[in-house]
Amino acid sequence: MDWKKAFLIQFLNIAGLGPIFGAVAGALWGPAAFMWIVFGCIFAGATHDYLAGMLSVRHDGATIAEVVGKYLGEGARKIMIVFSVVLLVLVGVVFVNGPAGILNNIVPGVPTLAWVAIIMVYYIIATLVPVDKLIGKIYPLFGAALIFMGIGIAIMMFVKGYATNIPELTFKNIHPGGTAVYPFLFITIACGAISGFHATQAPLMARCLKNEKEGRRVFYGSMIAEGIIALIWAAAAMTFFDGGVEGLAAAGPAGVVVNTIS
């Protein structure tokens, strides 16, 4: 595939709801969230994704479990397979329920369960057919839409004057529930800063690159793009509601917050 298409697919594969819902929830800790997204994304997330992607490229598109098995043995490979399956099931539940909830808010007449069924059917089809037949055709469009939405939210924050309300950087814990910054902030904004889940997605595009030199743009670059989206949503969540962080806490779950801000 063209590297730009591969970049958009990789971006959507690793981003999705993660840097949006996670950043909205993480915004409850105030501007400390910005520090974690920036430094975590650059030095941990993007580095991790680039390493995982290039490991797969150098091993003919092998999955992370296969790479682990080659160097650490058959026992480690089996453990990694089980771990990956459990991780992907948990992530899959979020990536089904989250969009279904958003769609239910937009089209209340269609029950959430119906949206879950539709998304599950799509997941099965996308899993069974070759990447270029379905994912390669529609994912770049959705990836571009995710970037467009982020840019649109950022622009309107300045147009409507919300950007002036972004709180000054402080390490004081301002979470309404009194939950400590460490470790809760870091595991709340996981996908927007670093996520082991990304290592399971990297082989998809590792098999589609024309040249391994494209790996830095696709793997490192898509994580940086995800971090930027997370920063935008964290800023929007902190400033959109009256009362700042307190107002955000009373606004409802992340899906409702995203729909309201959008």
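Our structure is the block above this text.
Before going into details, it helps to say that this report is about the structure given with it. (Residues numbered from 1 in each chain as written. Predicted model: local features only at pLDDT ≥ 70, side-chain atom pairs only at ≥ 80, totals over all residues. Heavy atoms only, no water.)

A few points about the nonpolar core
Where a protein is soluble and globular, its nonpolar side chains tend to be buried together. Core analysis: the biggest nonpolar cluster contains 65 residues, and Val-24, Leu-185, Phe-219, Trp-233 and Leu-248 have the highest contact counts within it. Per-element tally for this core: the top contributor is helix α10 (residues 215–240), with 12 residues. With near-sequence residues (within four places) excluded, Leu-185 lies in contact with Gly-26, Trp-29, Ala-32, Ala-33, Trp-36 and Ala-180. Core analysis: the next-biggest nonpolar cluster, separate from the first, contains five residues, Val-96, Ala-100, Trp-115 and Ile-119 among them. (Core = buried A, V, L, I, M, F, W, Y, C linked by side-chain atoms within 4.5 Å. Buried < 20%, exposed > 50% of the residue type's maximum accessible area, 1.4 Å probe, protein only. Helix = DSSP H or I, 4+ residues; strand = E, 2+ residues; numbered from the N terminus. Contact = heavy atoms within 4.5 Å.)

A word on unusual backbone geometry
Along the chain, Tyr-182 connects to Pro-183 via a cis peptide bond; the corresponding omega equals 5 degrees. When you line up the elements, Pro-183 lands in helix α8 (residues 181–188).

Quick notes on the packing of aromatic side chains
Any aromatic ring pair is given by two values, namely how distant the centres are and how the planes are angled relative to each other. Inspection of every chain in the model, using the stated rule, returns eight aromatic pairs. Their ring planes at 5 degrees and their centres at 6.3 Å tell us that Phe-7 and Phe-11 sit as a pair that is stacked. Of this pair, Phe-7 and Phe-11 both sit in helix α1 (residues 3–14), separated by four residues, roughly a single helical turn. Across the pair, Phe-11 and Phe-7 agree in class, each one buried. (Phe/Tyr/Trp six-rings, centres within 6.5 Å; stacked < 30°, edge-to-face > 60°.)

Here we look at the packing of helix α3 (residues 32–58) against helix α9 (residues 198–206)
Here α3 crosses α9 at 45 degrees, and the two axes come no closer than 8 Å. Between α3 and α9, the angle is such that the two are oblique. Seen from above, α3 lies across α9 with right-handed handedness. Side by side, α3 and α9 meet where His-48, Asp-49, Ala-52, Gly-53, Ser-56 and Val-57 of the first sit next to His-198, Ala-199, Ala-202, Pro-203 and Ala-206 of the second. (Axes fitted to C-alpha atoms, helices over the stretch in contact; angles between N-to-C directions. Parallel < 35°, antiparallel > 145°, perpendicular 65-115°, else oblique. Left-handed = near helix turned anticlockwise from the far one by under 90°.)

Quick word on the packing of α1 against α9
As a packed pair, α1 and α9 sit with axes 10 Å apart at the nearest point and diverge in direction by 160 degrees. Comparing the axis directions of α1 and α9 gives the class roughly antiparallel. Helix-helix and strand crossings are classified by hand; for α1 and α9 the assignment is right-handed. For the pair α1 and α9, the contacting residues are Ala-6, Ile-9, Gln-10, Asn-13 and Ile-14 in the first and His-198, Gln-201, Ala-202, Leu-204 and Met-205 in the second. A breakdown of the residues in the contact of α1 with α9 according to their chemical character gives six nonpolar, four polar and no charged. (Nonpolar A, V, L, I, M, F, W, Y, C, P; charged D, E, K, R; others polar.)

What to know about the side chain of Asp-49
Mapped onto the fold, Asp-49 is located in helix α3. Ignoring sequence-local partners within four residues, the contact set of Asp-49 consists of Ile-14, Ser-195, His-198, Phe-219 and Met-223.

A look at the pattern of salt bridges
It is possible for side chains bearing opposite charge to pair when their charged atoms get close. On inspection of all chains with the given rule, the structure shows three salt bridges. Ionic pairing is found between Lys-4 and Asp-2, a salt bridge with its closest N-O pair at 3.3 Å. Residue classification places Lys-4 among the partly exposed residues on the basis of a relative accessible area of 44%. Linking Glu-212 and Arg-58 is a salt bridge whose minimum nitrogen-to-oxygen distance equals 2.9 Å. One end of the pair, Glu-212, is in the loop between α9 and α10; the other, Arg-58, is in helix α3, and 154 residues separate them in sequence. We classify Glu-212 as partly exposed; its relative accessible area is 35%. (Salt bridge = Lys/Arg side-chain N within 4 Å of Asp/Glu carboxyl O.)

With respect to helix α4 (residues 64–72)
Looking only at α4, the buried set comprises Ile-64, Ala-65, Val-67, Val-68 and Gly-69. On its buried side, α4 packs onto α3, α5 (74–106) and α9. Note on α4: the residue one or two positions beyond its end, Gly-73, has a positive phi of about 105 degrees.

Quick notes on the state of the cysteines
Overall, the coordinates contain zero disulfides when judged by the stated rule. Take Cys-191: it sits in no disulfide, and the sulfur closest to it among the cysteines is that of Cys-41, at 10 Å. (Disulfide = S-S within 2.5 Å.)

Points about the environment of Gly-196
With respect to the element layout, Gly-196 can be found in the loop between α8 and α9. Distance from Gly-196 to Ala-52, taken between C-alpha atoms, is 9.3 Å for residues 144 residues apart in sequence.

Some points on α1
Across its 12 residues, α1 extends 16 Å between first and last C-alpha, which sits within 8% of the 16 Å expected from 1.5 Å per residue. Counting buried residues along α1, nine of its 12 residues qualify, which places the element largely inside the surrounding structure. What α1 keeps buried is the set Ala-6, Phe-7, Leu-8, Ile-9, Gln-10, Phe-11, Leu-12, Asn-13 and Ile-14. Check the buried side of α1 and you find it contacts α3, α5, α7 (135–159), α9 and α10. In this structure Asp-2 caps α1, since a side-chain oxygen of it lies 3.0 Å from the backbone nitrogen of Lys-4. Looking one or two residues beyond α1, the residue adopting positive phi is Gly-16, at roughly 55 degrees. (Expected span 1.5 Å × (residues − 1). Polar contact = N/O pair within 3.5 Å; in protein donor to acceptor, adjacent residues only side chain to side chain.)

Everything listed here is a matter of coordinates, which is why it stays silent on function.
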